[in-house]
Amino acid sequence: MIGARRVFAIGAALSLAACAPEEPSIVPLPAQMEAGGGAFALDANVSVSFGDSDDAELRGLFDRWAEPYRANGLPLGEDTAGTLLVGVDGVGAPEGYRLDVSPDGIALMGADHAGVFYGLQTLSQLLPPGAEAGAAGSSFEVSAVSIDDAPRFRYRGMHLDVARHFYGPEEVKRYLDLLASYKINHFHWHLTEDQGWRIQIDAYPLLTEISAFRDETHVGHGRDPVVGDGVPHGGFYTKDEIRDIVAYATERYITVVPEIEMPGHAQAALA
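Residues numbered from 1 in each chain as written. Predicted model: local features only at pLDDT ≥ 70, side-chain atom pairs only at ≥ 80, totals over all residues. Heavy atoms only, no water.

J.: Got a minute to help me understand the overall build of the protein in this structure?
T.: Of regular secondary structure, the protein possesses seven helices and 15 strands. At 25 Å, the protein has a C-alpha radius of gyration far larger than the 18 Å of a compact globule built from 271 residues. Referenced to the eigenvectors of the C-alpha coordinate spread, the extents of the protein come out at roughly 75 × 65 × 35 Å. With 271 residues in all, the protein has 38% of them scored as buried. Taking the contacts inside the protein whose residues are at least 6 apart along the sequence as the reference set, 67% of them involve residues at least 24 apart. (Helix = DSSP H or I, 4+ residues; strand = E, 2+ residues; numbered from the N terminus. Rg over C-alpha atoms; globule rule 2.2 N^0.38 Å. Buried < 20%, exposed > 50% of the residue type's maximum accessible area, 1.4 Å probe, protein only. Contact = heavy atoms within 4.5 Å.)

J.: Would you take a moment to explain the nonpolar core for this structure?
T.: Note that soluble globular proteins tend to have their nonpolar side chains buried in a common cluster. Grouped together as the largest cluster of nonpolar side chains are 58 residues, with contacts concentrated most on Leu42, Phe62, Leu76, Leu176, Phe187, Trp189 and Tyr237. With seven residues, helix α3 (residues 113-126) is the single largest residue contributor to this core. Setting aside its immediate chain neighbours within four residues, Leu76 contacts Leu42, Val46, Val48, Phe62, Trp65, Ala66, Tyr69, Arg70 and Leu84. (Core = buried A, V, L, I, M, F, W, Y, C linked by side-chain atoms within 4.5 Å.)

J.: Where do I start with the sheet that holds strand β7 (residues 157-161) in this structure?
T.: In sheet architecture, strand pairing relies on hydrogen bonds along the backbone and comes in two forms, parallel and antiparallel. On the basis of which strands lie adjacent, the open sheet formed by three strands has the order β7-β8-β15 and parallel pairing. The open sheet is flanked by β7 and β15 (255-259), the only strands paired with a single partner. In this sheet, adjacent strand axes meet at a mean angle of 20° when their direction is disregarded. Direction of pairing for β7 relative to strand β8 (residues 186-190): parallel, over a ladder of five bridges. (Pairing = 2+ DSSP bridges. Axes fitted to C-alpha atoms, helices over the stretch in contact; angles between N-to-C directions.)

J.: Honestly, the environment of Phe213 in this entry has me stumped. Any pointers?
T.: Within the secondary structure, Phe213 sits in strand β11 (residues 213-214). Residue Phe213 is classed as partly exposed on the basis of its relative accessible area, which comes to 43%. Sequence separation between Phe213 and Gln195 is 18 residues; the distance between their C-alpha atoms is 8.4 Å. Not counting residues within four places of it along the chain, the set of residues in contact with Phe213 comprises Thr208, His233, Gly234, Gly235 and Phe236.

J.: I keep staring at the pairing of strand β4 (residues 97-102) and nothing clicks. Help me out?
T.: Side-chain direction in a regular strand flips from residue to residue, so the side chains alternate between the two faces of the sheet. The alternating pattern of β4 places Tyr97, Leu99 and Val101 on a buried face and Arg98, Asp100 and Ser102 on a face that is not buried. Alignment of β4 against strand β5 (residues 105-110), held across six bridges, turns out to be antiparallel. Directly across from Val101, in β5, lies its bridge partner Ile106. In the sheet, β4 pairs with strand β6 (residues 140-149) via five bridges, with the strands oriented antiparallel. Paired with Arg98 across the bridge in β6 is Asp148.

J.: Any chance you could explain the sheet that holds β4 here in plain terms?
T.: Sheet architecture is open: six strands sit in the order β1-β6-β4-β5-β3-β2, paired in mixed fashion. Edge strands, defined here as strands with exactly one partner in the open sheet, are β1 (32-42) and β2 (48-49). Strands β2, β3 (84-88) and β6 of the sheet are contacted by helix α2 (residues 56-71), whose axis makes an angle of about 145° with β3. Where α3 meets the sheet, it contacts β3, β4, β5 and β6, and its direction lies at approximately 35° from that of β4.

J.: Is there a simple way to think about the packing of aromatic side chains in this case?
T.: For any two aromatic rings, the description comes down to two numbers: the centre-to-centre distance and the angle of the planes. One pass over the full model with this rule turns up ten aromatic pairs. Between Phe50 and Phe62, the aromatic rings sit 5.7 Å apart at their centres with planes inclined by 85°, giving edge-to-face as the arrangement. Of this pair, Phe50 sits in the loop between β2 and α2 while Phe62 sits in helix α2, and the two are twelve residues apart along the sequence. For the residue pair Phe50 and Phe62, the accessibility class agrees, reading buried in each case. The structure contains a cluster of three or more aromatic residues connected by ring pairs, namely Phe166, Tyr175, Phe187, Trp189 and Tyr237. Taking NZ or CZ as reference, Arg252 lies 3.5 Å from the ring centre of Tyr248, over its face. (Phe/Tyr/Trp six-rings, centres within 6.5 Å; stacked < 30°, edge-to-face > 60°. Lys NZ or Arg CZ within 6 Å of the ring centre and 35° of its normal.)

J.: What exactly am I supposed to notice about the layout of surface pockets here?
T.: Where empty space is left can be seen by rolling a probe of water-molecule size over the atoms. Computed from the structure, the largest pocket encloses a volume of approximately 720 Å³. As for the largest pocket, its lining consists of 25 residues, of which Gln121, Ser124, Glu132, Asp177 and Ser181 are closest to the centre. Looking at the lining of the largest pocket, the elements that each hand over two or more residues are α2, α3, α4 (169-181) and α6 (239-251). Ranked by residue count, the leading element in the lining of the largest pocket is α2, at six residues. The volume enclosed by the second largest pocket comes to roughly 520 Å³. With four residues, strand β12 (residues 218-223) is the largest single contributor of residues to the lining of the second largest pocket. Of the residues belonging to the lining of the second largest pocket, the class tally is five nonpolar, nine polar and six charged. (1 Å grid on protein atoms, 1.4 Å probe; cavity = no way out; pocket = protein on both sides within 12 Å on 5 of 7 lines; lining within 4 Å. Points joined across faces, edges and corners; volume = space filled by probe spheres on them. Nonpolar A, V, L, I, M, F, W, Y, C, P; charged D, E, K, R; others polar.)

Worth remembering: the numbers are spatial, not functional.
Below you can see the structure in the form of structure tokens.
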């Protein structure tokens, strides 16, 4: 039988839990996060301040982040007394940031430019779904929260195999956008394999004329007989497209790690 004192204690704990502010869902989970009370209205009255900084890289990365929101009714113009403060102070671990949201404003300070970038990704996750597409309107409530975060691992990578199945430049950029939103900083780009060669080499034009295309794709694992789907498949990236994608990744603080295999896994090149 549960005593009256224990019942009271359990009831009090449940009551406090019900009253406590709910922490937002951020992926990956920040190192430290504490929900506050109230919210900040991110609307047409909000302006951004960079303090005394004339840092061109800082302004550029903020402008790229703000572009879709500005297109949907948030001016986010610059003002020395802006209620959205963004800056680099060199404090904390590399790629780290501190984000404070209160009913009076938002302050984001990064240990470096990458930290500011990752703090802005977190701020995007605090906004309602559809904010970038304008589905949530031009005014958003951002719940009060205090976040102190830095990556646990220096190398955070994802892989994309475009050798077995080709993805065009715009699809690769969309993939990079997704990596950046989850603070991934290395992109392993699988450019050559038995099934296809995807990178233009001026000295060896047949690598893209022949090795970048196949008549069909092997279905299943059987080889006696080999069964194909009868659908031609292929494609490759020009040097300009490669440069453009690398630059796009760099703007998102992502290092491109190309995989070009020789002499193994090179049946496409041998063809």
